[in-house]
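Report on the structure
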2 protein chains.
Amino acid sequence: MPAAARPATDSRHPEIPAKRRAGRPSSAVLDQAVITSAALRLIGKSGYDGLTMAALARSLQVAPSALYNHVTSKRDVLVLVEDHLASLVDVSAFGTEPWDEAVRQWAWSYRDVFSKHTPLIPVIAVLPVTDAPQTLAMYETVSQGLREAGFPQERIVSSIVALESFIFGSAYDVTAPADIFDPGSMAESTPNFTAAVRSLAEQGHERPADVAFSLGLEALISGLGALRK
Amino acid sequence: MPAAARPATDSRHPEIPAKRRAGRPSSAVLDQAVITSAALRLIGKSGYDGLTMAALARSLQVAPSALYNHVTSKRDVLVLVEDHLASLVDVSAFGTEPWDEAVRQWAWSYRDVFSKHTPLIPVIAVLPVTDAPQTLAMYETVSQGLREAGFPQERIVSSIVALESFIFGSAYDVTAPADIFDPGSMAESTPNFTAAVRSLAEQGHERPADVAFSLGLEALISGLGALRK
DNA sequence: TTCCTAAATGAATGGCATTCATTTAGTGGT
DNA sequence: ACCACTAAATGAATGCCATTCATTTAGGAA
């Protein structure tokens, strides 16, 4: 009795998502791109605490184990997300602006993108570039920019690493609570630090993290620039 | 029959640690210092993956729930460890050396200590200084050093934050695999980056992370120094 | 047709941080 | 000397987590 068979998609109850029956579906539901964008949506809504394999599967209306046909681990998902974010970093100034201005724009953009994704930093920091093509493309653009600016070949990678280390650390700093440096009851025992914190506060900057980032970035740019050919 | 009662410490089976019976023991087994040093020992032996509340409890011969009488969460344990490590950072050059040399020694020491403890970096980065007295003491020493060197009051905290951001990022870099930048099969599509990686490799440095750290640190020191009164 | 492989389900596993009821020991007040 | 209170331990339970495995189904190659 074929007429009695329940179709794979049953539209009589649109609220309750139609259960897929076991077995390979006629057309694939998942691939890495779909997983990546679902992960990004989930992170946007619930943060990295909300990014669990179960929640990711639920948002894709799929069983958790189905994800493992396309990624080998949760870390794999994080790598996919990381590489997507790398493609959002603005490298457009390389080739149109002087090298120092290009580095400046790249660095601010890089920090801004990853300050909303600090849980990825431990992943990127040890990730072989082979596993992250967009990230590699970013390095290529920056390398070309520095070479054309006259950076000695053997110092290009070290310069990028130094800038990147500063950027990653600064991305964390953006997420710090505003009163992180309030010495509270220990103020009397730390007069120099307490005075320095007060003095900065009196400047009334909206975003102290930006002040520190600008200070360090400009120091790095001029220091690295001094070593060109 | 009091003679039949099993004493709290039964030495007849020294291999099998005597089970404590339920209830408050005559003298306290745990405190924060004991927990901190057990955590450090465990991290040294099994790394941060091995640092679980259950393993920590086991190493102290205590039930996991007993830990919660002294810390409110696992994060609390990490904070205790972090603050202990801060006390190991060498700030001795402040007061005896010129400011730039003092910063140099401090920064290298700070990076070296935390490169073995990168999982703490996300914790420190957002940790109110009130919760970490040793860390605060370190800031005090550095602040005094910079003030005496003629740094303008309102730029001291930003300078420390910039240096610290670079140090944290560089600590991750130390842990990266040696071949992290090998572009593998994508070498042809990234000629500039590939050439730069090769060129650095040809220099034959033992620790490329040290080269990048030195480069960035010297740039920061001279850049920050240029802004003194 | 017949295999092989890809891609889904659903059930299970073991580990994790944390909570709670319970037990016991010391302490401060009357 | 008693009594109430609090501190510090046990042990059982909770709920969540990533991951694995047996099973089912579909499509494509031989």
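Just so we're clear, the structure is a prediction, and the values are computed from it rather than from any experiment.

Between its terminal C-alpha atoms helix H8 (residues 153-175) of chain B stretches 35 Å, which fits the 33 Å expected from 23 residues at 1.5 Å a residue. Within H8(B), 18 of the 23 residues are buried, which leaves it mostly tucked inside the rest of the structure.

The subject of this paragraph is the interface of chain A and chain B. Across the contact, 59 residues belong to chain A and 59 residues belong to chain B. Overall, the association of chain A and chain B removes approximately 5,000 Å² of surface from exposure, summing both partners, and the carbon and sulfur fraction of that is 73%. Run the count over chain A and chain B and you get zero salt bridges. Summed over the shared surface of chain A and chain B, the result is 13 residue pairs in polar contact (both at pLDDT 80 or more). Those elements that provide at least two residues to the side of chain A that touches chain B are helix H6 (121-125), helix H7 (133-148), helix H8 (153-174), helix H9 (191-202) and helix H10 (208-225) of chain A. Residue contributions to the side of chain A that touches chain B peak at 15 residues, all from H8(A). Classifying every residue of the side of chain A that touches chain B by side-chain character gives 35 nonpolar, 18 polar and six charged.

This part is about the protein's contact with DNA strand C. Around DNA strand C there are 26 residues in total, and A:Val29, A:Ala63, A:Ser65, A:His70 and B:Arg24 lie nearest to it. Counted by atom, the contact set of DNA strand C within 4 Å of the protein is 62% sugar and phosphate. Contact between DNA strand C and B:Tyr68: a phosphate oxygen at 2.8 Å from a side-chain N or O atom of the residue. Between DNA strand C and the protein, one listed contact pairs a phosphate oxygen with a backbone N or O atom of B:Lys74 at 2.8 Å. For the surface near DNA strand C, the secondary structure elements donating two or more residues are helix H3 (64-67) of chain A together with helix H2 (53-59) of chain B. Considering only residue class, the surface near DNA strand C consists of 12 nonpolar, nine polar and five charged.

Right, let's talk about the packing of aromatic side chains for a bit. Scanning the entire structure with this criterion turns up 20 aromatic pairs over all chains. Ring geometry for A:Phe166 against A:Phe213: centres 5.2 Å apart, planes inclined by 5°, an arrangement best described as stacked. With A:Phe166 in helix H8 and A:Phe213 in helix H10, this pair connects stretches of sequence that are 47 residues apart. We classify A:Phe213 as buried; its relative accessible area is 1%. Considering the side-chain rings of B:Trp108 and B:Phe213, the 4.7 Å spacing of their centres and the 80° angle between planes classify their relative orientation as edge-to-face.

Conventions adopted
- Residues numbered from 1 in each chain as written.
- Chains lettered and ligands numbered in written order.
- Predicted model: local features only at pLDDT ≥ 70, side-chain atom pairs only at ≥ 80, totals over all residues.
- Heavy atoms only, no water.
- Helix = DSSP H or I, 4+ residues; strand = E, 2+ residues; numbered from the N terminus.
- Expected span 1.5 Å × (residues − 1).
- Buried < 20%, exposed > 50% of the residue type's maximum accessible area, 1.4 Å probe, protein only.
- Contact = heavy atoms within 4.5 Å.
- Buried area = accessible area lost by both parts, 1.4 Å probe.
- Salt bridge = Lys/Arg side-chain N within 4 Å of Asp/Glu carboxyl O.
- Polar contact = N/O pair within 3.5 Å; in protein donor to acceptor, adjacent residues only side chain to side chain.
- Nonpolar A, V, L, I, M, F, W, Y, C, P; charged D, E, K, R; others polar.
- Near = heavy atom within 4 Å.
- Phe/Tyr/Trp six-rings, centres within 6.5 Å; stacked < 30°, edge-to-face > 60°.

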